[in-house]
Amino acid sequence: MAKAKAPAKKAAAKKTSTKSTSRKVAPKKDAATELMELFEHGLKDIYWAEKALVKALPKMEKNASSPDLKKAIAKHLEETKGHVSNLESVFSIIGKKAQAKKCDAMEGLLEEGKSILEETSIGAVRDAGIIAASQKVEHYEIATYGTLATYAKALDLKKAMTLLLETLDQEKNCDETLTDLAKGGINLDAID
Ligand SMILES: [Fe+2]
Ligand SMILES: [Fe+2]
């Protein structure tokens, strides 16, 4: 009898907690009220992320063993510097000063990237880990630039859209290169 009552209590508690978290969130005072503000918010977020990547990528390159992986990371570091300046151009197109706002998602992804270095031995296994962590970063960037380019189109900001699509292409190419490297030998080398 006592056993049957306990789960019923638990279920009731769960129901209450779902109710309390399903309310509409009150917007902050400076909350975006139109798409242009959401666009600007997204630009600040990815601007922080790209600048953080410029600092983080050399460590990844240094920890990679495969010459091809090192080369791919070095190439993408140069592209990433271009992504920072593309964003500065987009800020100037909308008449705003380039400003970075901490991107919690990228901070987490970069933390994960650091942990993977400690959790893998140097060589093919670490290389496979670096590829995994880097692809998570690229996928975040692909999602972000896809969204921002769509916003730019909706806002009729053609030049901004072109710049964002240019960056998006490079993120996609980097992601494909990483897949090729993983499938082309690094994953298999990591088995032994
Ligand atoms: Fe980027
Ligand atoms: Fe990238």
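Above this note sits the structure.
In this convention, every chain numbers its residues from 1, walking through the sequence in written order. Both sets of labels track the order of writing: A upward for chains, 1 upward for ligands. Given that this is a predicted model, residues contribute local features only at a pLDDT of at least 70 and side-chain atom pairs are listed and counted only at 80 or more, while totals for whole chains, interfaces and linings are drawn from all residues. To get the side-chain values, take all heavy atoms of the structure and skip hydrogens and water.

J.: I keep staring at the coordination of the iron ion (ligand 2) and nothing clicks. Help me out?
T.: Octahedral metals with six donors have ideal donor angles of 90 or 180 degrees. Tetrahedral metals with four donors have an ideal donor angle of 109.5 degrees. Donor atoms are limited to N, O and S found within 2.8 Å of the metal ion, a distance that becomes 3.2 Å for Na, K and Ca. With water left out, some sites might look partial. Around the iron ion (ligand 2), the protein supplies His76 (NE2), Glu138 (OE), Glu138 (OE), Glu141 (OE) and Glu171 (OE) as donor atoms, at distances of 2.0 to 2.6 Å. Motif for the iron ion (ligand 2), donor spacing along one chain: H-x61-E-x2-E-x29-E. The rule is simple: take the accessible area with a 1.4 Å probe, protein chains only, and divide by the maximum for that residue type; under 20% is buried, over 50% is exposed, in between is partly exposed. Under the relative-accessibility criterion, Glu141 is labelled buried at 1%.

J.: In this structure, what is going on with empty space enclosed by the protein? I would like to understand it.
T.: A probe as big as a water molecule, rolled over the atoms, marks out the empty space that is left. Lining residues are those with an atom within 4 Å of a point, where the points come from a 1 Å grid over the protein atoms alone and group into cavities, where a 1.4 Å probe fits but cannot get out, or pockets, open sets with protein on both sides within 12 Å along at least five of seven lines. Grid points are joined across faces, edges and corners, and a volume is the space filled by probe spheres set on the points. Applying the stated criterion across every chain, the model contains 2 cavities of 30 Å³ or more. Reported here for the largest cavity is a volume of approximately 110 Å³. Lining the largest cavity are 13 residues, and of these Leu53, Met60, Leu110, Ser134 and Val137 lie nearest its centre. Working definition: helices are DSSP H or I runs of at least four residues, strands are E runs of at least two. Numbering for both runs from the N terminus. At the level of elements, helix H2 (35–63), helix H4 (104–118) and helix H5 (124–154) are the ones that each hand at least two residues to the lining of the largest cavity.

J.: Before we go on, may I ask you to explain H5 in this structure?
T.: One turn of an α-helix holds 3.6 residues; hence residues three or four places apart share an orientation. By this rule the span expected of a helix is its residue count minus one, scaled by 1.5 Å. A rise of 1.5 Å per residue sets the reference length of H5, with its 31 residues, at 45 Å; its end C-alpha atoms lie 44 Å apart and thus fit the reference within 8%. The first or second residue beyond H5 is Asp156, which carries a positive phi of 60 degrees.

J.: Would you explain the coordination of the iron ion (ligand 1) in this entry?
T.: Taken together, the protein donors to the iron ion (ligand 1) comprise Glu50 (OE), Glu50 (OE), His83 (ND1), Glu141 (OE) and Glu171 (OE), at separations of 2.1 to 2.4 Å. Look at where the donors of the iron ion (ligand 1) fall in the sequence and you get E-x32-H-x57-E-x29-E. With relative accessibility at 0%, the residue Glu50 sits in the buried group. The exposure class of His83 is buried, given its relative accessible area of 1%.

J.: Whenever I open this one, the layout of surface pockets confuses me. Can you help?
T.: Each pocket or cavity is described by its volume, and for the largest pocket that value is around 340 Å³. Contributing to the lining of the largest pocket are Lys28, Asp30, Ala31, Ala32, Glu37, Leu38, Glu40, His41, Lys44 and Lys101. A breakdown of the residues in the lining of the largest pocket according to their chemical character gives 3 nonpolar, 1 polar and 6 charged. Of the voids in this model, the second largest pocket is the one considered here, and its volume is about 180 Å³. When residues of the lining of the second largest pocket are traced back to their parent elements, those giving at least two are H2 and H4. The residue makeup of the lining of the second largest pocket, split by class, is 5 nonpolar, no polar and 5 charged. In this classification, the charged set is Asp, Glu, Lys and Arg, the nonpolar set is Ala, Val, Leu, Ile, Met, Phe, Trp, Tyr, Cys and Pro, and all remaining amino acids, among them Gly, are polar.

J.: What is the right way to look at the nonpolar core in this model?
T.: Nonpolar side chains in soluble globular proteins tend to end up buried together. Counting 28 residues, the largest nonpolar core has Phe39, Leu43, Leu87, Val90, Met106, Ala152 and Leu164 as the members making the most contacts within it. Where this core is concerned, the elements lending two or more residues are H2, helix H3 (67–93), H4, H5 and helix H6 (158–191). Ranked by the residues each element gives to this core, the list is headed by H2, at 7 residues. The contact criterion used is simple: two residues touch if any of their non-hydrogen atoms lie within 4.5 Å. Beyond its immediate chain neighbours, meaning those up to four positions away, Phe39 contacts Val90, Ile94, Leu148, Tyr151, Ala152, Leu155, Leu157 and Leu164. Only buried Ala, Val, Leu, Ile, Met, Phe, Trp, Tyr and Cys residues count toward a nonpolar core, and they belong to the same one when joined by side-chain atoms within 4.5 Å.

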